[in-house]
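Inside the fold
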Amino acid sequence: FLIVVSLGAGLLWLLADRTTEDRSLRWLLLGSYAARVLVGVALFAISYWHWPVLRSLQTQPGFWSFSLDAHVYHYYGRDVAQAWTLGTELPVTGLGFDYFAVVGLLYKLLGPSPLYPVVLNGWLAALNGLFMYLIGWKLFERRAGFVGSVLVAWWPSTFLWSSQLMRDALTWTLLLAALWLIVDALSRDRVPRRSILGWAFCALWLGVTVMALTRFRFYVATALCTAALVVLVPAGAYALARRNIPRGLGYAGITGLIILSALFARMLDPFALLSPPNPERAH
């Protein structure tokens, strides 16, 4: 467990170091990550050993009544990991399969402990501060990016949700990553210097991010599509009216990519794609 936490801290430091020379941002993100892991471990320990702290909110050992889905994710995630290990049928949850697959993958790689998804959530919630820094920096200036990073990385209520085995932190990360890719693609200093391969790589990542966001939180992806139609389509029309053809086509292309990615994600069946091919042989 300590090795996983340390690897997460090192990766977060490396990403911040590659992004900016501002050392205060690195310590800001590492502090957020460490605090989130401590909160998650503390809440798990309190509930697991039934310590006399908020006993009325404690449910299953290690879990809490304000995050009832966490126990369900743990239960089926453990079954998914076992099915992948043995090659047998995946459990039918009736609640979708996407986040169960994430938990199952962690359990298969690291072991069936609810603390591993909690560490991942803490890491993702801290990483959101880096995405917010990049967005603010690109739209305004470094100072605005740093202030945004402080707000996102240290917003009080997010410490509670990232400390539980829930998909909220992952949803936040996917949304902020999609916004960063959009802002970076439409940045004036990127047009037209980026190569064809660079544009293709950016489009690929944006499409995959929107697809994942759609699978985990459909209503958030729907809001993103609506925002693209409301904001980017008029901006593209205005750019075309001013004969700025590349920018106008860029707005239209990103809007189309977002909507098509969301629609394609709705047609995917992760349960069928990730099911072992020959469960009868495994039995």
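Each remark here, short or long, concerns the structure printed above.
Definitions and limits used
Residues numbered from 1 in each chain as written. Predicted model: local features only at pLDDT ≥ 70, side-chain atom pairs only at ≥ 80, totals over all residues. Heavy atoms only, no water. Helix = DSSP H or I, 4+ residues; strand = E, 2+ residues; numbered from the N terminus. Rg over C-alpha atoms; globule rule 2.2 N^0.38 Å. Axes fitted to C-alpha atoms, helices over the stretch in contact; angles between N-to-C directions. Parallel < 35°, antiparallel > 145°, perpendicular 65-115°, else oblique. Left-handed = near helix turned anticlockwise from the far one by under 90°. Contact = heavy atoms within 4.5 Å. Nonpolar A, V, L, I, M, F, W, Y, C, P; charged D, E, K, R; others polar. Buried < 20%, exposed > 50% of the residue type's maximum accessible area, 1.4 Å probe, protein only. Phe/Tyr/Trp six-rings, centres within 6.5 Å; stacked < 30°, edge-to-face > 60°. Lys NZ or Arg CZ within 6 Å of the ring centre and 35° of its normal.

**A word on the overall build of the protein chain**
- Helices and strands together make up the secondary structure of the protein chain, namely 13 helices and zero strands.
- Each helix and strand of the protein chain, placed in order from N terminus to C terminus, yields the pattern α-α-α-α-α-α-α-α-α-α-α-α-α.
- Computed over the C-alpha atoms, the radius of gyration of the protein chain is 21 Å, within 12% of the 19 Å expected from 2.2 N^0.38 for a compact globule of 283 residues.
- Over its C-alpha atoms, taken along the principal directions, the protein chain stretches across nearly 65 × 50 × 30 Å.

**Brief notes about the packing of helix α5 (residues 115–139) against helix α6 (residues 142–153)**
- With their axes 7 Å apart at the nearest point, α5 and α6 run at an angle of 155° to one another. Considering their axes alone, α5 and α6 lie roughly antiparallel with respect to each other. Relative to α6, α5 is oriented so that their crossing is right-handed. Across the interface between the two elements, Ala 125, Asn 128, Gly 129, Leu 130, Met 132, Tyr 133, Gly 136 and Trp 137 of α5 pack against Arg 142, Ala 144, Gly 145, Phe 146, Gly 148, Ser 149, Val 152 and Ala 153 of α6.
- Taken together, the residues of the contact of α5 with α6 break down into nine nonpolar, six polar and one charged.

**Here's the deal with the environment of Leu 11**
- Relative to the assigned elements, Leu 11 resides in helix α1 (residues 2–19).
- You can call Leu 11 partly exposed: its relative accessible area is 41%.
- Spatially, the C-alpha atoms of Leu 11 and Val 210 are 24 Å apart, while their sequence positions differ by 199 residues.

**Side note on the packing of aromatic side chains**
- Applying the stated criterion across every chain yields a total of 15 aromatic pairs.
- On the basis of an interplanar angle of 15° and a centroid distance of 5.8 Å, the ring pair of Trp 49 and Trp 51 is categorised as stacked.
- Classification of Trp 49 by relative accessible area gives exposed; the value is 55%.
- Between Tyr 76 and Phe 100, the ring centres sit 5.5 Å apart and the planes meet at 80°, which makes this aromatic pair edge-to-face. Taken together, the positions of Tyr 76 in helix α3 (residues 69–86) and Phe 100 in helix α4 (residues 98–110) put the pair 24 residues apart, joining distant regions of the chain.
- Feature note: the residues Tyr 73, Tyr 75, Tyr 76, Tyr 99, Phe 100 and Phe 216 constitute an aromatic cluster, connected by ring pairs.
- Above the plane of the ring of Phe 218 lies Arg 266, whose end atom (NZ or CZ) is 4.0 Å from the centre.

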